[in-house]
Amino acid sequence: MFARKTDDELIGRALDGSERAWLTLVRRHEQRLYNYALRMSGNPDDAMDILQDVLMSVYRNLDSFRGDSKFTTWLFRIASFRCTDYFRRRNWQTTTLGDDEDVPDDSGHHEPEFLLSQVEDNEGIVHLMGLLPPEQRQVVELKFFQHFTFDEIAGQLGISPNTAKTRLYTALSRMRAKSELSLAS
Amino acid sequence: MTESNDMNCEQAKSLLFELIDGSLSAADRDAVHRHLDDCADCSAAQADVWHMQTVASRWKTSRVPRWNRRGAFFESRGFPPLLQIASACASVVVMVLVLAQVRISTEDGFQVSFGGDVASRADLEAQLHDLRQEQLALINQSADRLTNQQVASNQLMFRTLLEASRQERHEDLRNLVSLVQDTQTKQNERTAESLRYVLSNQIEDRRNIQQLGQALKLVASDGGTL
Ligand SMILES: [Zn+2]
């Protein structure tokens with residue numbers, strides 16, 4: 001019976017204390033969120049961690065959802081916050097271990113003939129996303145995989161729509177440069 | 001954006017997605033095309049968008065691994081929280097030691113002069129503040145360690161637990177500060193010293209809680225000095 005309710009209806013029920021309503025909402029969105037986290041983090045364990053972290057944060061802040069935007073827009077705004085936090089912690093850990101954080105940790109898997117148009121599976125896509133610094137990765141993710149408008153992305157990341165656009169095109173040319181560079185070598 | 005012949009790069013790039021998904025008006029479409037004919041940079045960007053859209057469409061949705069949703073959101077409150085119990089025990093030990101103003105000597109020669117005036121209270125508070133920061137950092141570290149060890153679906157529960165433990169400790173430290181302020185007369189120096197010893201040990205290793213428990217028994221039996 002909950003399956004046919006809208007997100008807003010489920011949120012209302014959840015705020016009234018319905019556990020089932022909240023769990024229905026979780027089941028409805030977790031797959032999209034998990035795949036987002038997979039592409040952002042690059043591995044299933046971290047993706048699961050991010051998924052749970054985001055959902056817990058959403059659950060705690062449910063009463064601040066105003067309903068003036070779509071639930072998914074708001075959901076991915078929180079996901080972006082939590083992801084930024086995830087990368088911050090990860091960088092901090094790398095630094096404390098004494099590693100050079102500018103060196104991408106996947107450089108060892110880099111195929112010499114890697115080319116954008118040859119990316120065909122999830123592994124290739126994760127690798128491609130891994131070429132980008134986190135803030136560019138987020139824009140690419142929100143635009144190409146979540147299909148948000150530049151205005152929505154700007155709101156989610158707390159930047160201007162123009163910055164979002166610039167960041168996206170910088171990311172794309174970076175990916176192109178990286179792949180062409182490795183093709184030439 | 002109408003039939004202007006000289007659309008600039010920014011305008012062109014902002015319409016690339018609409019161009020590709022076919023939602024532009026005929027006039028805008030022609031204007032973007034005219035710009036793309038003359039601008040290698042924007043044509044490259046258009047190709048990038050198109051390629052990336054193709055790549056993105058190849059993503060095969062991964063299934064979410066099994067996880068205990070209900071447990072993560074609703075049942076963690078009823079879980080016997082080992083850390084909370086340990087934390088509460090430690091707090092009791094600290095309280096008793098402070099109340100009894102037990103003297104615990106250390107070899108690292110820690111010295112503060114507390115005359116019971118305002119400055120010394122500030123000093124103690126500063127120390128407590130530092131300890132608190134240290135403790136928060138350590139709690140965060142152990143949370144991260146737990147995360148890395150991927151304790152399956154229990155991670156979230158542990159985070160919640162640690163959060164609760166952290167808040168509880170905040171409360172304890174606040175109580176301790178006021179307690180120490182209230183008993184600030186002759187014994188302040190010794191109180192501060194033992195407080196520091198106990199807190200730093202508690203921070204360094206939670207297993208010391210057990211040792212503190214034993215220390216407490218000793219205190220109870222021979223009444224004052226360790
Ligand atoms: Zn141009």
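Going by the structure above, here's the rest.
Computed from a predicted model, the values in this text were never measured in an experiment. Residue positions are given per chain, counted from 1 along the sequence in the order it is written. Labels follow written order: the first chain is A, the first ligand is 1, and so on. The predicted origin of the model limits local features to residues at a pLDDT of at least 70 and limits the giving and counting of side-chain atom pairs to 80 or more, whereas totals for whole chains, interfaces and linings rest on all residues. Each side-chain value is derived from all of the structure's non-hydrogen atoms; neither hydrogens nor water enter the calculation.

Draft legend 1. Representation of the pattern of salt bridges. A side-chain nitrogen of Lys or Arg and a carboxyl oxygen of Asp or Glu constitute a salt bridge if their distance falls within 4 Å. Overall, the coordinates contain ten salt bridges over all chains when judged by the stated rule. With a closest N to O distance of 2.8 Å, Arg69(B) and Glu30(A) form a salt bridge. Residue Arg69(B) is located in helix H5 (residues 69–75), and its partner Glu30(A) is located in helix H2 (residues 19–41); the two belong to separate chains. Exposure classes here rest on a 1.4 Å probe applied to the protein chains alone. A residue is buried below 20% of its type maximum, exposed above 50%, and partly exposed in between. Residue class for Arg69(B) comes out buried when judged on its relative accessible area of 17%. A run of DSSP states H or I qualifies as a helix once it reaches four residues; a run of E qualifies as a strand once it reaches two. Both are numbered from the N-terminal end.

Draft legend 2. How the structure looks around the interface of chain B and chain A. For this analysis, residues touch if any pair of their heavy atoms sits within 4.5 Å. Taken residue by residue, the interface counts 39 residues in chain B and 45 residues in chain A. Buried area, as used here, totals the accessible surface that two parts lose on assembly, with accessibility defined by a 1.4 Å probe and the loss added over both. Together, the buried faces of chain B and chain A total about 4100 Å²; carbon and sulfur atoms form 63% of this surface. For the chain B face of the interface with chain A, the top three residues by lost area are Met52(B), Trp59(B) and Phe73(B), together amounting to 19%. If you look at where chain B meets chain A, you find three salt bridges. Between Arg70(B) and Glu19(A) there is a salt bridge whose closest N-O contact spans 2.7 Å. Here a polar contact is taken to be a pair of N or O atoms separated by no more than 3.5 Å, where protein atoms must pair a possible hydrogen donor with a possible acceptor and residues adjacent in sequence count only if both atoms sit in side chains. Where chain B touches chain A, the interface holds nine residue pairs in polar contact (both at pLDDT 80 or more).

Draft legend 3. Structural context of the packing of H2(A) against helix H3 (residues 44–60) of chain A. Residues and elements named next belong to chain A. Axis separation between H2 and H3 bottoms out at 8 Å; the angle between their running directions is 135 degrees. In terms of orientation, H2 and H3 fall into the oblique class. The interaxial crossing formed by H2 with H3 has right-handed handedness. Each of Trp 22, Val 26, Glu 30, Leu 33, Tyr 34, Ala 37, Leu 38 and Ser 41 in H2 lies in contact with H3, whose residues at this interface are Pro 44, Asp 46, Ala 47, Met 48, Ile 50, Leu 51, Val 54, Leu 55, Val 58 and Tyr 59. Think of each axis as a best-fit line through the C-alpha atoms, taken over the contacting stretch in the case of a helix, with angles from 0 to 180 degrees between the N-to-C directions. The labels follow the angle: roughly parallel below 35 degrees, roughly antiparallel above 145, roughly perpendicular from 65 to 115, and oblique for the rest. Whether a crossing is left-handed or right-handed is set by the direction in which the near helix is turned from the far one by less than a right angle, anticlockwise for left-handed and clockwise for right-handed.

Draft legend 4. Fine view of the coordination of the zinc ion. All names here are of chain B. Metal sites are built from N, O and S donor atoms within 2.8 Å, or 3.2 Å for Na, K and Ca, and they leave out water, so they may look incomplete. Taken together, the protein ligands of the zinc ion are Cys 9 (SG), His 35 (NE2), Cys 39 (SG) and Cys 42 (SG), with distances of 2.1 to 2.3 Å. Viewed at the metal, the four donor atoms of the zinc ion are separated by angles of 102 to 112 degrees, and the geometry they form is tetrahedral. Going along the chain, you hit the donors of the zinc ion in the pattern C-x25-H-x3-C-x2-C. Of this pair, Cys 9 sits in helix H1 (residues 9–14) while Cys 39 sits in the loop between helix H3 (26–38) and helix H4 (40–56), placing them 30 residues apart in sequence. Judged by its relative accessible area of 33%, Cys 9 is partly exposed. Donor angles set the geometry label: tetrahedral for four donors if every angle is between 85 and 135 degrees, square planar for four and octahedral for six if opposite donors exceed 155 degrees and the others are between 65 and 115, irregular for anything else.

The values reported here are purely geometric and, on their own, carry no functional implication.
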